[in-house]
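Structure assessment
These are the residues of each chain, in order.
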Amino acid sequence: MPRARPITTSFNAGELTPLLDGRVDQDKYFSGCKQLSNFIPTVQGPARRRGGTRFVKTVKNSAKRTWLADFRFSVTQSYVLEFGENYIRFYVNRGQLLSGMSAYEVATPYSESDLVTEEGTFALRTLQSGDVMWVVHAESKHPPYRLSRLGATNWTFAQEVLNDGPFEDVNTDAALTLQASAVTGSVTVTAAGPGFFTSDDIGTLLMLESQNPSTVPPYQTGVGTVVNAGDRVRNGGNVYESQTTYTVPGGSTIQRYVPTHTEGDAFDGAITWRYLHSGYGWGRITAVAVGGGSCTMTVLFRLPEEVVTTTTRRWRRGDFSAARGWPTSIAFFKERLVYVRNRQVFLSQVGVFDSFASRDAGLVTKETAMRLTLASDKLNALRWAAQSKALVLGSAETETVLREQTTQSVFAADNVQSDPQSDYGARLLRPLKVGESVLFVERAGHRIRDMRYSFEIDRYKAEDLTVLSEHIFDGSELSGDTEQEQREVVDWAYQQQRDSIVWCVLSDGTCAGLVLNRERGVIAWTPHYFGGDAIVEAVQSVPSPDGKTDDAWFIVRRTVNGATQRAIEYMTDFRLVKQGAPEAVHVDCSVTYRGVATSTITGLSHLEGETVSICADGSNHPDRVVTGGQVTLDRTATLVHVGYRFISRMQSMRLEVTGGAGTAQTTRKGIGEVKLRVQST
């Protein structure tokens, strides 16, 4: 073979599947690697060794599975939330939030099993606006809750209370009638027979409508009309009560205005009218009688007199309850809060996130809430919702969107359509918003789709992002091609700054990173193996304390000193090396000492009995075993990093040299010289 000097200029295609070993016709072949573990490809081309992780704290109870969520008030006020059995703990400024000398926490109703779905993913879905976060359960085991930040160490976690909907469709069975004992206060609602109400109805909303509103006379202004105080009239479906007595005189020239108000009193020129109701009212069930034939209800919006004087078949139960199910996903769209359950989508009033009233004084407007049931040949229970150009929804078999029928009018009940997009199906895992894309994991758990709107076809396309690196999810080890059990994504997070990385926690406890930059055509996967026989269980990303970068946080399980330990750690920036070699952190679960020269490094109780690697003043130091929470160095140092060693591996693809003799893939090659260009090493 003639002499050649091939050059590899980039590694930003990541670690490629063995199926591409011979695909020299693919451009990505020349920028990919056969092995690239514990490296982070850069958009510019080089691959940088990832930073080590910094130990923050162990979880409250290392025997229990815990998860992470983010709470972002601003880029400089961000929190990592530790969700464990019946509690939340908080981390801010890369440390644990304390109250006095103890970890600050709030109580929750979630048991350890409640926090994990049947697919092994995190069961809670969160959505935040300002100092408020909504939390729903992906398997409908709990009602929505609201986490509120009232002060630095003053947080509340309480069930979300919806006082005006949403409601199911009106009952159409004439045999199922209800009757109330009064129009306000605490009333008794009696059903047509026993067994109608159950204990699961406690806390549920119940709406009663007038079955025959024509019993209330219409508003009149004719000569000689007599109106007595307490008389009721209706106008446009609204019912009003006179607060004065008045007789319209003959030849009257008084200008009277038709009452249209929907709150309080208003004067029509002669009579003061008080708004009562719009033909319906509702309340919240507080107790159920033995036998279920009646219930006690606190009226929230005044009931019509007709539902007291006679029975009505026109009633509606609240949509959310223990009996009918709770929301399973949540999102924002078009200034509305969106709840999802089964094949139904509930959208709040515009700008009023706790109001799901579908009528405003009997009228459906552009701002009132919406309740939609989607229909499709493959659509089953919705698993996630995400805001994009449209409201993107995913189920186990298909993806669909909600959007306007016409852009000439605002998104509202009279201008909405559902439009199926693709049939890949989704895992029970929250989606990620990355730029203009919505990322979701396919139902099987080992293929990630990038759902983006295409103007050319006026639809969303869902591109497979794992096709060039599918081996990372099939369980093949670095040292060979032995097929093992499929690795499934159980948790993930997006670290936007500065490298645009999607971190995926896999079911075998390993981690995979995806550097994603559409502008430069970079889709690069790399596997990551944490030091200390680590099992990674959860990941989250929040802005760093200065707001200039994002930190990736992890929960890592290890066996330390014979006991299970779950540690919360964040990954350091590999760019620290630019501040000088001593600053770089390349050990995991690490502790850093910075101060006067010393040979004793303490604060290592979380590494008790473990063999640790040490970097002292930028130089390698012999390994030590942690004893009594400390190690002793051979020499004094002022800057020391102590933690688990991890190994970074890089192996290029087979060299390919184009020549007249054909491919170089099957020829014998002798490599006489290799030159590397490195930086900050």
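Structural notes, computed from the coordinates. Keep in mind that what you see is a predicted model, and the values were worked out from it rather than measured.

1. What about the overall build of the protein?
- Looking only at helices and strands, the protein has two helices and 51 strands in total.
- Buried positions account for 51% of the 681 residues belonging to the protein.
- For the protein, contacts bridging at least 24 residues in sequence account for 58% of all contacts bridging at least 6.
- Surface exposure of the protein reaches about 30,300 Å², of which carbon and sulfur atoms provide 47%.
- Taken together, the 71 basic and 75 acidic charged side chains of the protein have centroids lying 4 Å from each other.

2. Focus on the packing of aromatic side chains
- For the structure on display, the rule yields 33 aromatic pairs.
- Aromatic pair Trp134 and Phe332: ring centres 5.9 Å apart, planes at 90°, arrangement edge-to-face. With Trp134 in strand E13 (residues 132–137) and Phe332 in strand E28 (residues 329–333), this residue pair connects regions lying 198 residues apart in the sequence.
- In this structure an aromatic cluster arises from ring pairing among Phe71, Tyr79, Phe90, Tyr104 and Trp155.

3. Focus on the pattern of salt bridges
- Tallied over the entire structure, the rule returns 50 salt bridges.
- Note that Arg324 and Glu168 form a salt bridge whose closest N and O atoms lie 3.8 Å from each other. You can see Arg324 sitting in the loop between strand E27 (315–317) and E28 and its partner Glu168 sitting in the loop between strand E15 (154–159) and strand E16 (178–180), a full 156 residues away along the chain.
- As a salt-bridge pair, Arg575 and Asp573 come within 3.1 Å of each other at their nearest N and O atoms.
- By relative accessible area, which is 15% here, Arg575 ends up buried.
- A relative accessible area of 27% places Asp573 in the partly exposed class.
- Connected via shared salt-bridge partners are Arg65, Glu537, Arg557 and Arg566.

4. Brief notes about the nonpolar core
- Ranked by internal contacts, the top residues of the largest apolar core, which has 34 residues, are Leu81, Phe83, Phe90, Leu147, Trp155 and Trp553.
- For Trp155, the contacting residues outside a window of four places in its chain are Phe71, Tyr79, Phe90, Leu97, Tyr104, Val106, Leu147, Ser148 and Arg149.

5. A word on the sheet that holds strand E39 (residues 459–464)
- One open sheet holds the four strands; their spatial order is E36-E37-E38-E39, and the pairing between them is antiparallel. Lying at the two open borders of the sheet, with one neighbouring strand each, are strand E36 (432–434) and E39. Each adjacent strand pair in this sheet contributes to an overall mean axis angle of 30°, direction not counted.
- With four bridges joining them, strand E37 (residues 437–441) and strand E38 (residues 448–454) adopt antiparallel strand pairing.

6. Things to note about a nonpolar patch on the surface
- Together, Leu655, Ile671, Val674, Leu676 and Val678 make up an exposed nonpolar region whose accessible area comes to about 530 Å².
- By secondary structure assignment, the location of Ile671 is in the segment after strand E51 (649–652).
- Since its relative accessible area comes to 60%, Ile671 is described here as exposed.

7. Regarding the sheet that holds strand E41 (residues 501–506)
- With antiparallel pairing, four strands are arranged side by side in an open sheet as E40-E41-E42-E43. At either margin of the open sheet sits one strand with a lone partner, and together these are strand E40 (489–495) and strand E43 (522–528). The sheet shows a mean angle of 20° between the axes of neighbouring strands, taken without regard to direction.
- Strand direction decides the pairing type here: E41 and strand E42 (residues 511–517), joined by five bridges, are antiparallel. If you follow Val502 over to E42, its bridge partner there is Leu514.

8. A short note on the pairing of E37
- For E37, the tally of buried residues reaches five of five residues, placing the bulk of the element in the interior.
- By the alternation rule, side chains of E37 split into Ser437, Leu439 and Val441 and Val438 and Phe440, which are all buried.
- Pairing geometry for E36 and E37, over three bridges, is antiparallel. Paired with Leu432 across the bridge in E37 is Leu439.
- Between E36 and E37, which follow one another and run antiparallel, lie two residues, and Gly435 among them has a positive phi close to 60°.
- Once E37 ends, the chain turns through six residues before running back antiparallel as E38, passing Gly445 with a positive phi of about 95°.

9. Looking at the pairing of strand E7 (residues 87–92)
- Summarising burial for E7: six of the six residues are buried, a large majority.
- Across the two faces of E7 the burial is the same, with Tyr87, Arg89 and Tyr91 and Ile88, Phe90 and Val92 all buried.
- Pairing of strand E6 (residues 77–84) with E7 involves six bridges; the strand directions are antiparallel. Bridge pairing links Gly84 to Tyr87 in E7.
- The turn joining E6 and E7, which pair antiparallel and follow one another in sequence, is formed by two residues; a positive phi near 70° is taken by Asn86.
- In terms of strand pairing, E7 meets strand E11 (residues 105–107) through three bridges, oriented antiparallel. Residue Arg89 lies in a different strand from E11, and its bridge partner there is Glu105.
- Note: E7 against strand E8 (residues 95–96), two bridges, orientation antiparallel. Each bridged residue has a counterpart across the sheet, and for Val92 the counterpart in E8 is Gly95.
- Between the antiparallel neighbours E7 and E8 lie two residues, among them Asn93 with a positive phi of about 55°.

Reading the values: the criteria
Residues numbered from 1 in each chain as written. Predicted model: local features only at pLDDT ≥ 70, side-chain atom pairs only at ≥ 80, totals over all residues. Heavy atoms only, no water. Helix = DSSP H or I, 4+ residues; strand = E, 2+ residues; numbered from the N terminus. Buried < 20%, exposed > 50% of the residue type's maximum accessible area, 1.4 Å probe, protein only. Contact = heavy atoms within 4.5 Å. Areas by Shrake-Rupley, 256 points an atom, 1.4 Å probe, with all protein chains shown as cover. Lys, Arg positive; Asp, Glu negative; His and termini not counted. Charge placed at Lys NZ, Arg CZ, Asp CG, Glu CD. Phe/Tyr/Trp six-rings, centres within 6.5 Å; stacked < 30°, edge-to-face > 60°. Salt bridge = Lys/Arg side-chain N within 4 Å of Asp/Glu carboxyl O. Core = buried A, V, L, I, M, F, W, Y, C linked by side-chain atoms within 4.5 Å. Pairing = 2+ DSSP bridges. Axes fitted to C-alpha atoms, helices over the stretch in contact; angles between N-to-C directions. Patch = residues over 30% accessible without salt bridge, like charges linked within 9 Å, V, L, I, M, F, W, Y side chains within 5 Å.

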